[in-house]
Amino acid sequence: MEKVKGPTARCTTATCGWRALLLPQLNRQSLYVYGSEMAVEKECMRQLQSGVFVIHPFSLMRSYYIMGMMAITFLNLIGIPMEIAFVDGTSGLAWEGFNVFSDTLFLIDVALNFRMGIIAEDGEEAILDIKRIRLSYLRTWFIPDVIAAFPIGYILLFADLQYYNEDNPSKTNKMMRILMFVRILSLIRLARVSRLVRFFNEVEKVSNANLEVVRLFFRVLSLFMMIFLLCHWNGCIQYFVPMLEEFPTDCWVRKENLMNASVSVKYSWGVFRALSQMIALSYGSMDAPTNYVEMWIVMVSMVSGCLMYTVLVANATTMIANTDPAAKEYKNKMSRLEHYMSFMKLPPELQLRISNYYQARYGGKWFQEKDVMHTVSSALKEQIMMVMCSRLLRKVPMFQNREENFINSVLLKLEYEVFLEGDSIVRVDVPGDRMFFIDHGQVLMETDSYDRELCDGDFFGESCVLTKGKHRATVKALTDCQCFSLSCDDFKEVLLCFPDISKDIEQLVQLDSEGEPV
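Anyway, here's the lowdown on the structure attached to this text. Here the structure is a predicted model, which means the values were calculated and not measured. (Residues numbered from 1 in each chain as written. Predicted model: local features only at pLDDT ≥ 70, side-chain atom pairs only at ≥ 80, totals over all residues. Heavy atoms only, no water.)

Observations concerning the sheet that holds strand β4 (residues 424-426)
With antiparallel pairing, the four strands of this open sheet are ordered in space as β4-β9-β6-β7. Only two strands of the sheet have a single partner each, and these edge strands are β4 and β7 (451-454). Adjacent strand axes in the sheet meet at a mean angle of 30°, parallel and antiparallel pairs treated alike. Direction of pairing for strand β6 (residues 443-446) relative to strand β9 (residues 474-477): antiparallel, over a ladder of four bridges. Within β9, the position partnered with Glu446 by the bridge is Thr474. (Pairing = 2+ DSSP bridges. Helix = DSSP H or I, 4+ residues; strand = E, 2+ residues; numbered from the N terminus. Axes fitted to C-alpha atoms, helices over the stretch in contact; angles between N-to-C directions.)

Right, dumping it as structure tokens:
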């Protein structure tokens, strides 16, 4: 019976219905936590067998839900200050409906968080137990979420309906004061900015993105969204505070003659004043603050601008420092190498060849290949070498039709080497102890009787790996060459574990003197 792979093969929308949306998906975070596809599949079965409605932190529903809530939250953080500062109680049915929808959605979100699986603090498991989820949520984000989800939209809708249906002037004035109080009270909904930050962090966790460029994009996007919100809120406050004072004669709104202007014009002037103060260019217009309220607004704007600069510079510095560390390490190594070559007074031609070698060997990215190979498991190391070199070994007659274990053992002994154009890789009549496999590049084999060019996939020096004898030809690199080498000592070490193959190799050694020069 054929084995079914992956969690989605056992439980899909067709087989499990809507419950498949609650199960963990295969992404970089789930594989990091559980270690393998089989472990993710077991986690799916564990959740299905529990029979409890819990949204897994790595589920598809959680991913879409976070991105949707992030968009709704951002729209709220833009629209709420605009409504409070500029709309003047005539927001219209569409905006009232959006407020009610948003409040309803955030109340549902509070309820869903009691059924939202969480990642343990050690990051090694997902907590799906209802009691632990509830206790964790009540101790952390429950109170801020309840405050941010306070249903101001329902109160505003009810107050607007009472205001428009009231004909008594005294009651109308009272309703106007109530509406103003409720609009000020709706500022508590700006506490949803904390949820926006949380949603951004969770989007990165549950995404399939596994590239540093994508992670950097999310960080830059979240930073600029926060800066935009700060400027937006400051611009709305610039107009909102004079409105609370009923526009005194010396306020900037009257000086700019904006009392009857459109919302877009008022907002543009407010943002202009905010940005001018935050970047310390001016007060936003020709005149300095004329009363203590405006003076305090200007001071708060300047301080917030300084904080914005600090956050921007700190984040930019961190991003630059963490971007492409391998390239930075390569530049540092090359700088030290240049100092060394200058100190040793090496000829310019030799300095150039050394620099070219490092570029050909590392490609502008510094890494320690041996450290990488030592940190991975033996199985992964075999797979890496199999992908890189197995095709090279299969072309050598003495490695053809050999058992897989022998080939894998030889692969683990190969060493990566780079030669520049014009390098003499081996010289005739010089003792050798290695054979070479050309991965990329072109070489010229020179003997007394003939010359022959070798390229990708070819090999030379096989007699030396068998006998440690002298090379029978000179081999020069016609281009930059990337090769793998096998030493005689390492090869003999492998042969000790395969006595039958060792006997066959000994027969090849006896016939080697009659073969073609290498």
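Quick notes on the packing of aromatic side chains
The tally for this structure, following the rule as stated, stands at 19 aromatic pairs. An angle of 85° between the planes, with centres 6.0 Å apart, marks the rings of Phe86 and Tyr267 as edge-to-face. Separated by 181 residues along the polypeptide, Phe86 in helix α5 (residues 60-86) and Tyr267 in helix α14 (residues 263-278) bring together distant segments of the chain. There is no split in this pair, since Phe86 and Tyr267 are both buried. Residues Phe399 and Phe491 carry aromatic rings whose centres are separated by 5.8 Å and whose planes lie at 85° to one another, so their mutual orientation is edge-to-face. One end of the pair, Phe399, is in the loop between α19 (378-393) and α20 (404-411); the other, Phe491, is in helix α22 (residues 488-495), with 92 residues separating them in the sequence. Residue Phe399 is classed as buried on the basis of its relative accessible area of 0%. One Lys or Arg, Arg361, reaches over the ring of Tyr362 and ends 4.9 Å from the middle of that ring. (Phe/Tyr/Trp six-rings, centres within 6.5 Å; stacked < 30°, edge-to-face > 60°. Buried < 20%, exposed > 50% of the residue type's maximum accessible area, 1.4 Å probe, protein only. Lys NZ or Arg CZ within 6 Å of the ring centre and 35° of its normal.)

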